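Observations on the model geometry
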Amino acid sequence: MINVLFVCLGNICRSPMAEGVFQHLVKERGLQDQISCDSAGTSGFHAGEEADERMRATATAHDITLTHRSRKLVIEDYAAFDYILSMDDANLDIILALQKKAAQAGITDSPKILMMRSFDPDAGEDTDVPDPYYGGLNGFEEVYYILARASENFLEFLVERELKAA
Ligand code: 4NP
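Residues numbered from 1 in each chain as written. Predicted model: local features only at pLDDT ≥ 70, side-chain atom pairs only at ≥ 80, totals over all residues. Heavy atoms only, no water.

Quick notes on the packing of aromatic side chains
Counted under the stated rule, the structure contains 10 aromatic pairs. Aromatic pair Tyr-133 and Tyr-134: ring centres 4.8 Å apart, planes at 85°, arrangement edge-to-face. Look at Tyr-134 and you get exposed, because its relative accessible area is 75%. (Phe/Tyr/Trp six-rings, centres within 6.5 Å; stacked < 30°, edge-to-face > 60°. Buried < 20%, exposed > 50% of the residue type's maximum accessible area, 1.4 Å probe, protein only.)

Examining the layout of surface pockets
Taken as a whole, the largest pocket spans an internal volume of roughly 170 Å³. Looking at the largest pocket, the residues that line it are Pro-16, Glu-19, Gly-20, Gln-23, His-24, Lys-27, Asp-63, Ile-64, Thr-65, Leu-66, Thr-67 and His-68. (1 Å grid on protein atoms, 1.4 Å probe; cavity = no way out; pocket = protein on both sides within 12 Å on 5 of 7 lines; lining within 4 Å. Points joined across faces, edges and corners; volume = space filled by probe spheres on them.)

Description of the site of the ligand
Residues in close proximity to the ligand include Cys-8, Leu-9, Gly-10, Asn-11, Ile-12, Cys-13, Arg-14, His-46, Asp-131, Tyr-133 and Tyr-134, which together make up its full environment. With respect to the ligand, the backbone of Cys-13 contributes an N or O atom lying 2.9 Å from an oxygen atom. Tyr-134 is positioned such that a nitrogen or oxygen atom in its side chain is 3.2 Å from an oxygen atom of the ligand. Here the residues of the shell around the ligand sort into six nonpolar, three polar and two charged. (Near = heavy atom within 4 Å. Polar contact = N/O pair within 3.5 Å; in protein donor to acceptor, adjacent residues only side chain to side chain. Nonpolar A, V, L, I, M, F, W, Y, C, P; charged D, E, K, R; others polar.)

This is a description of form; function is not addressed.
What follows is the structure in structure tokens.
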């Protein structure tokens, strides 16, 4: 099983949507026995909460149901996951810093830590999936389209790299 973790700040907007979109694609391609995914936040601000209702409404409009409850990224995640995908640069720094703590605690596994937007063919110069939390509804829709493009490509990358090689 290839385990993928999507990470943002609050784990109520971008990363639960990434999880939902990616999981939908995995199921569509019948790969659910080979690829699993989850999401987490670098902050615990919203731990235990459902995804933001604006993000859930956007997901529903695209036939995706978000059921995830927010949780904070923990050092054990570095042992449990093969890939950690960050939604932006600021969270990447936190993910890398926590990886050092995981190593100090004896967790020597090294998941591949990548930027989600690097899989978006339309990203241009943009490295981040923009944080929609303080903006309008169109920001949530934009996040959906970014994640749909990036998830498609990331899944293709995984199939080529992990499944065809296996
Ligand atoms: P997310 O969005 O990182 O995509 O889940 C945010 C959610 C909450 C906050 C910031 C960003 N907040 O400051 O509470």
